[in-house]
Amino acid sequence: MATPKIILDCDPGHDDAVAILLAARQCDVLAITTVSGNAPLEMTTANALLMCQLAGLDLPVHAGADRPLLVPAAHAPRAHGATGLDGPPRPDVHLEAASNDAVDVIINTARAHDDVWLVPVGPLTNVALAIRQAPDIVERVAGISLMGGAVGPGNVTPTAEFNIWADPHAAQIVFATGAPLVRMAGLNLTHQLCVGPSETAALRAQGGIVPEFVAGLFDFYLAGYRERAGLDAAPMHDPCAVLAVTHPELFTFGARHVEVETSGDVTRGMTVADERPGTDATPNCEVAYSIDAATALELIVDAIRSYG
Ligand code: RIB
Ligand code: CA
């Protein structure tokens, strides 16, 4: 298969940082765009630049939306720290964002290339704004492979996953497009792919600026899951959305009609997948249900180690 052309839209974020490293090895990354999510836009943009600088990636980083479409901005400091990338000592970042025009970059890139995949792994604000401003891109893109939602329990609330909850109106716009192919890597999938102390130790054993930095990220990320959930494993949410494009054979998918709750007090941000047998609802999304976690983890760790 030809190397897929993608735009990685992210809110680094520990798992976003790994998704950047993986995507740079597995994809033709035309642009990285950043959005408010795990941390405020200024920090998610700085974090994307930090990862590009650390890994020596010559990729344009374009900043996007600093708030959701309608709901107030919310962040995830418990999971990612105040900087969005807490844990290892933070190097001085001398790279600068290529622009503050992520939405225009998404539109222009989708129009200039055939078959670009949009890979959003944070709140869907940038992608929704691009679709609303330029509906024609929906037919042009190869697909939208997103990390978000869940068929089952949420994380930020009992029913909602953070990326969807943080901007439910944007998410509804994206799911409503039924773009040629919306692929959803939700929590039900991403919790099958976890890193733990052994992956952290392997990165430290190899050494090198990037593997050691990521080991520090994993230390912080794992400590949070240990404290909050008593788990000695931390899900690699965002890399799943990249692998769903580069290695779809590792997944099983189910065609479902998915809607987003935008107004419920208790269920705001819930992704409601119609799983009724014989439903006549038209599918608008390929929901990922399983992944070959061993192979996926090997691809992720190999990508990180390749920067050593
Ligand atoms: O719920 C997990 C998602 O929220 C991941 O994308 C993580 O980076 C955070 O953005
Ligand atoms: Ca993310």
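Here the structure is a predicted model, which is why all the values come from computation and not from measurement.

> Go over the overall build of the protein chain with me, naming the residues and quoting the values.
When helices and strands are counted, the protein chain shows 13 helices and twelve strands. Projected onto the principal axes, the alpha-carbon positions of the protein chain cover approximately 55 × 40 × 40 Å. Out of the 308 residues belonging to the protein chain, those deemed buried represent 57%. Look at the contacts in the protein chain between residues 6 or more apart in sequence, and 80% of them connect residues 24 or more apart. With the model as given, the accessible surface of the protein chain reaches about 11,800 Å², and the carbon-plus-sulfur share is 52%. A distance of 1 Å separates the average location of the 16 positive side-chain charges in the protein chain from that of its 36 negative side-chain charges.

> Run through the sheet that holds strand S9 (residues 251-256), naming residues and quoting values.
Reading across the sheet, the eight strands line up as S3-S2-S1-S4-S5-S6-S12-S9 and stay open at both edges, with mixed pairing between neighbours. Edge strands, defined here as strands with exactly one partner in the open sheet, are strand S3 (61-63) and S9. Here the strands of the sheet are splayed against their neighbours by 25° on average, with no regard to which way each runs. Inspection of the sheet shows strand S4 (residues 116-120) paired to strand S5 (residues 143-147) by two bridges, in the parallel sense.

> Lay out the nonpolar core in plain terms, naming residues and giving numbers.
The biggest cluster of nonpolar side chains holds 64 residues, and the ones touching the most others in it are Val119, Leu193 and Phe218. No other element matches helix H11 (residues 209-229), which puts nine residues into this core. If we ignore the near neighbours within four places in the chain, the residues touching Leu193 are Ala234, Pro235, Met236, Cys240, Leu243, Ile291, Ala293, Ala296, Leu297 and Ile300. By size, the runner-up hydrophobic cluster in this structure holds 33 residues, among which are Ile7, Ala130, Ile137 and Met184.

> Any chance you could break down the coordination of the calcium ion (ligand 2) for me, citing the residues and the numbers?
Geometry sets the ideal angles at a metal, namely 109.5 degrees for four tetrahedral donors and 90 or 180 degrees for six octahedral donors. Around the calcium ion (ligand 2), the protein contributes the donor atoms Asp11 (OD), Asp16 (OD), Asp16 (OD), Val121 (O) and Asp238 (OD), at 2.3 to 2.7 Å from the metal centre. Linear spacing of the donor residues for the calcium ion (ligand 2) on their chain is D-x4-D-x104-V-x116-D. Here the residue Asp16 occupies a position in helix H1 (residues 14-26), and Asp238 occupies one in helix H12 (residues 237-246), the gap between them amounting to 222 residues. Overall, the relative accessible area of 0% leaves Asp16 in the buried class.

> So what's going on with H1? Which residues, and what values?
With 13 residues, H1 should reach 18 Å at 1.5 Å per residue; the first-to-last C-alpha distance of 19 Å fits that figure. Burial within H1 is extensive, with eleven of its 13 residues counted as buried. Of all the positions in H1, only His14, Asp15, Asp16, Ala17, Val18, Ala19, Ile20, Leu21, Leu22, Ala23 and Ala24 are classed as buried.

> Quick one: what's the story with unusual backbone geometry, residue by residue and with numbers?
Its identity is not glycine, yet Asp115 carries a phi of approximately 65°, on the positive side. Relative to the assigned elements, Asp115 resides in the loop between helix H4 (102-112) and S4. Exposure remark for Asp115: the relative accessible area of 49% places this residue in the partly exposed category.

> Give me the site of ligand 1: which residues, what numbers.
Lining the immediate surroundings of ligand 1 are 13 residues, of which Asp15, Asp16, Asn155, Glu161 and Asp238 lie closest. Asp15 places a polar side-chain atom, nitrogen or oxygen, 2.7 Å from an oxygen atom of ligand 1. At 2.9 Å, a backbone N or O of Val121 approaches an oxygen atom of ligand 1. Protein contact buries 97% of the 280 Å² of open area that ligand 1 shows by itself.

> Residues and numbers for the packing of helix H10 (residues 197-206) against helix H13 (residues 293-305), please.
One can describe the packing of H10 onto H13 by two numbers: an axis separation of 10 Å at closest approach and a directional angle of 25°. By the angle between their directions, the pair H10 and H13 is classed as roughly parallel. The element H10 and its partner H13 pack so that their crossing is right-handed. Contacts from Glu199, Leu203 and Gln206 of H10 reach H13 at Leu297, Val301, Ile304 and Arg305. Residues that form the contact of H10 with H13 fall into these classes: four nonpolar, one polar and two charged.

> I'd like to hear about the pattern of salt bridges, residue by residue, with values.
Scanning all chains against the criterion turns up seven salt bridges. The salt bridge partner of Asp114 is Arg140, with a shortest N-O separation of 3.0 Å. Of this pair, Asp114 sits in the loop between H4 and S4 while Arg140 sits in helix H6 (residues 137-140), and the two are 26 residues apart along the sequence. You can call Asp114 partly exposed: its relative accessible area is 48%.

> Pulling in residues and values, what's your account of the environment of Leu118?
With respect to the helices, strands and loops of the structure, Leu118 is situated in strand S4. The exposure class assigned to Leu118 is buried, which follows from its relative accessible area of 3%. With 24 residues separating them in the primary sequence, Leu118 and Ala142 have C-alpha atoms 7.9 Å apart. Every residue in contact with Leu118, bar those within four places of it in the chain, is listed here: Ile7, Ile106, Val127, Val141, Gly143, Ile144 and Ser145.

> Now, about the packing of H4 against helix H5 (residues 125-133): what can you tell me, with residues and values included?
Where H4 contacts H5, the two axes come as close as 9 Å, and the packing angle between them is 60°. Taken together, the axis directions place H4 and H5 in an arrangement best described as oblique. H5 is crossed by H4, and the crossing has right-handed handedness. For the pair H4 and H5, contact is made by Ala102, Val103, Asp104, Ile106 and Ile107 and by Asn126, Val127, Leu129, Ala130 and Gln133, respectively. Grouping the amino acids of the contact of H4 with H5 by side-chain chemistry returns seven nonpolar, two polar and one charged.

Basis of the calculations
- Residues numbered from 1 in each chain as written.
- Chains lettered and ligands numbered in written order.
- Predicted model: local features only at pLDDT ≥ 70, side-chain atom pairs only at ≥ 80, totals over all residues.
- Heavy atoms only, no water.
- Helix = DSSP H or I, 4+ residues; strand = E, 2+ residues; numbered from the N terminus.
- Buried < 20%, exposed > 50% of the residue type's maximum accessible area, 1.4 Å probe, protein only.
- Contact = heavy atoms within 4.5 Å.
- Areas by Shrake-Rupley, 256 points an atom, 1.4 Å probe, with all protein chains shown as cover.
- Lys, Arg positive; Asp, Glu negative; His and termini not counted.
- Charge placed at Lys NZ, Arg CZ, Asp CG, Glu CD.
- Pairing = 2+ DSSP bridges.
- Axes fitted to C-alpha atoms, helices over the stretch in contact; angles between N-to-C directions.
- Core = buried A, V, L, I, M, F, W, Y, C linked by side-chain atoms within 4.5 Å.
- Donors = N, O, S within 2.8 Å, 3.2 Å for Na, K, Ca; no water.
- Expected span 1.5 Å × (residues − 1).
- Near = heavy atom within 4 Å.
- Polar contact = N/O pair within 3.5 Å; in protein donor to acceptor, adjacent residues only side chain to side chain.
- Parallel < 35°, antiparallel > 145°, perpendicular 65-115°, else oblique.
- Left-handed = near helix turned anticlockwise from the far one by under 90°.
- Nonpolar A, V, L, I, M, F, W, Y, C, P; charged D, E, K, R; others polar.
- Salt bridge = Lys/Arg side-chain N within 4 Å of Asp/Glu carboxyl O.

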